[in-house]
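# What the coordinates show
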Amino acid sequence: PAQSEAEFELELTKDGNGVNITKYKGESPYVVIPSQIQGLPVVGISHIGFNDIKSVTIPRGVKTIGEKAFKGHTELTQVTLPEGLESIGRGAFVDCRNLESVKLPSTLKIIGAMAFSTEYADYTMSLASINLPEGLEFIGAQAFRKTALTSVSLPKSLNWLGSGAFEKCDNLSEINIPADLALHYYYGYEYKGYLNESEPFSNFFSGTKIKESVVLQKVLKDTKTVTYKSAGAYEAAARKYKEFYAW
């Protein structure tokens, strides 16, 4: 069962038709967020607080998980994300070091920079399994940096990939990139325009097994992308994803 309404702090959305969770005040480490609070639908998770949460179930109706919403919850091992979720903010699960797998909903369009990564150099995130659904449009810079992922398949729908999205993934041994993937390219804190047809995917993937594999090095070097030709399309994408692309 969901926690009681009294265990959450919240804020109204700008239109007043929903609420965002800003803090969980309860004591149970197993959190089930209610779908409604005070008669209004829960549509976003801005922040969950600093309790030692071990699992969280997010209800259908939530469309956004905010920046750093679950940052540093080192005991978190299980997250249930609902269909209908559209965006995961920058650093939403940064430094959740014991989170081993996440099933992303088919409705997800945006994964912000450093969303499942770590800020620390001395450990690797436990995340070993992730599905990137068809329909996903955006992956921010270093979104999966230093995770334990073993395989990655980019969806054909992807049109923006941040620098170092899968860097220092030392267990990564399988990479699937669709033919004719059209991408906008953003590197660090500076726009680079279009990812041109000679741009290697090694800018986005790195790790011990990649370094040791002639096959993977060839895949990352030889697989090329089709670029967007319209400056307007790039500028529109830059505006659309502005709050998600860099840490």
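Residues numbered from 1 in each chain as written. Predicted model: local features only at pLDDT ≥ 70, side-chain atom pairs only at ≥ 80, totals over all residues. Heavy atoms only, no water.

### Brief notes about the overall build of the protein chain
Where we set the bar: Here a strand is any run of E in DSSP of at least two residues, a helix any run of H or I of at least four, and the numbering for each starts at the N terminus. Only the C-alpha atoms count toward the radius of gyration. The rule for a globule is 2.2 Å times the residue count to the power 0.38. Here the term buried applies to any residue with accessible area under 20% of the maximum for its type, exposed to any over 50%, and partly exposed to those in between, with areas from a 1.4 Å probe on protein chains only. By definition in these notes, contact holds between two residues if any of their heavy atoms fall within 4.5 Å. All accessible-area figures derive from a Shrake-Rupley calculation using a 1.4 Å probe, and residue coverage is judged against the displayed protein chains alone.
Counting its secondary structure elements, the protein chain contains three helices and 19 strands. A compact globule built from 247 residues would reach a C-alpha radius of gyration of about 18 Å, and the protein chain, at 18 Å, matches this within 12%. Taken along its principal axes, the extent of the C-alpha atoms in the protein chain is 55 × 40 × 25 Å. Considering the protein chain as a whole, with its 247 residues, one finds that 49% of them fall into the buried category. Once local pairs closer than 6 in sequence are excluded, the contacts in the protein chain between residues at least 24 apart make up 50%. Of the roughly 11,500 Å² of accessible surface on the protein chain, a fraction of 48% belongs to carbon and sulfur atoms.

### Thoughts on the environment of threonine 147
Put simply, the rule is: By the criterion applied in these results, polar contacts are pairs of N or O atoms within 3.5 Å in which, for protein atoms, one can donate a hydrogen and the other can accept it, and in which residues neighboring in sequence qualify only through two side-chain atoms.
For threonine 147, the position within the fold is in the loop between β13 (138-139) and β14 (151-153). Along the backbone, threonine 147 and leucine 183 are 36 residues apart, and their C-alpha atoms lie at a distance of 23 Å. Excluding residues within four positions of it along the chain, threonine 147 makes contact with Phe116, Thr124, Met125, Leu127, Cys169 and Asp170. Of note is the side chain of threonine 147, whose polar atom sits 2.8 Å from the backbone oxygen of phenylalanine 144.

### Overview of the sheet that holds strand β3 (residues 30-32)
Worth spelling out the cut-off: Strands are labelled as partners when DSSP assigns at least two bridges between them. Axis angles are defined between N-to-C directions and span 0 to 180 degrees, where every axis is a line fitted to C-alpha atoms and, for a helix, only to the segment in contact.
The three strands lie next to each other as β3-β6-β8, forming an open sheet whose pairing is parallel. Sheet topology places β3 and β8 (78-80) at the edges, where each strand pairs with a single neighbour. On average, each strand axis in the sheet is inclined to that of its neighbour by 5 degrees, with strand direction left out of account. Taken together, the three bridges between strand β6 (residues 55-57) and β8 define a ladder with parallel strand orientation.

### Some remarks on the confidence of the model for the protein chain
As a note on interpretation, predicted positions should not be read in detail where pLDDT is low. Basically, it comes down to this: The quantity called pLDDT is the predictor's confidence in a given residue, expressed from 0 to 100.
Averaged over the protein chain, the pLDDT score is 89; the fraction of residues at 70 or greater is 91%. Taken together, the stretch residues 187-198 has pLDDT below 50 and engages in 36 contacts with residues farther than four places along the chain or on a different chain.

### Structural notes on the nonpolar core
Quick reminder of the rule: For this analysis, a nonpolar core means a set of buried residues of the types Ala, Val, Leu, Ile, Met, Phe, Trp, Tyr and Cys, connected via side-chain atoms within 4.5 Å.
Counting 58 residues, the largest nonpolar core has Leu154 and Phe166 as its most contacted members. Those elements that provide at least two residues to this core are β2 (19-24), β5 (40-45) and α2 (214-222). Here this core gets three residues from one element, more than from any other, and that element is β2. In contact with leucine 154, not counting residues within four places along its chain, are Leu132, Ile139, Leu161, Phe166, Asn176, Ile177, Pro178, Leu181, Phe201 and Phe205. In terms of nonpolar packing, the next biggest core, distinct from the first, is built from nine residues, Ile110, Ala238, Tyr241 and Tyr245 among them.

### With respect to the environment of valine 79
If you trace the backbone, valine 79 turns up in strand β8. The class for valine 79 is buried, based on a relative accessible area of 8%. Spatially, the C-alpha atom of valine 79 lies 8.3 Å from that of lysine 103, the residues being 24 residues apart in sequence. In this structure valine 79 touches Val56, Phe93 and Leu99, once residues within four positions along its chain are discounted.

### Re the state of the cysteines
To keep it simple, the criterion reads: The term disulfide is used for any two cysteine sulfur atoms that are within 2.5 Å.
Per the stated rule, a full pass over the model turns up zero disulfides. Lacking any disulfide linkage, cysteine 96 is separated from the closest cysteine sulfur, that of cysteine 169, by 16 Å. For cysteine 96, a relative accessible area of 1% translates into the label buried.

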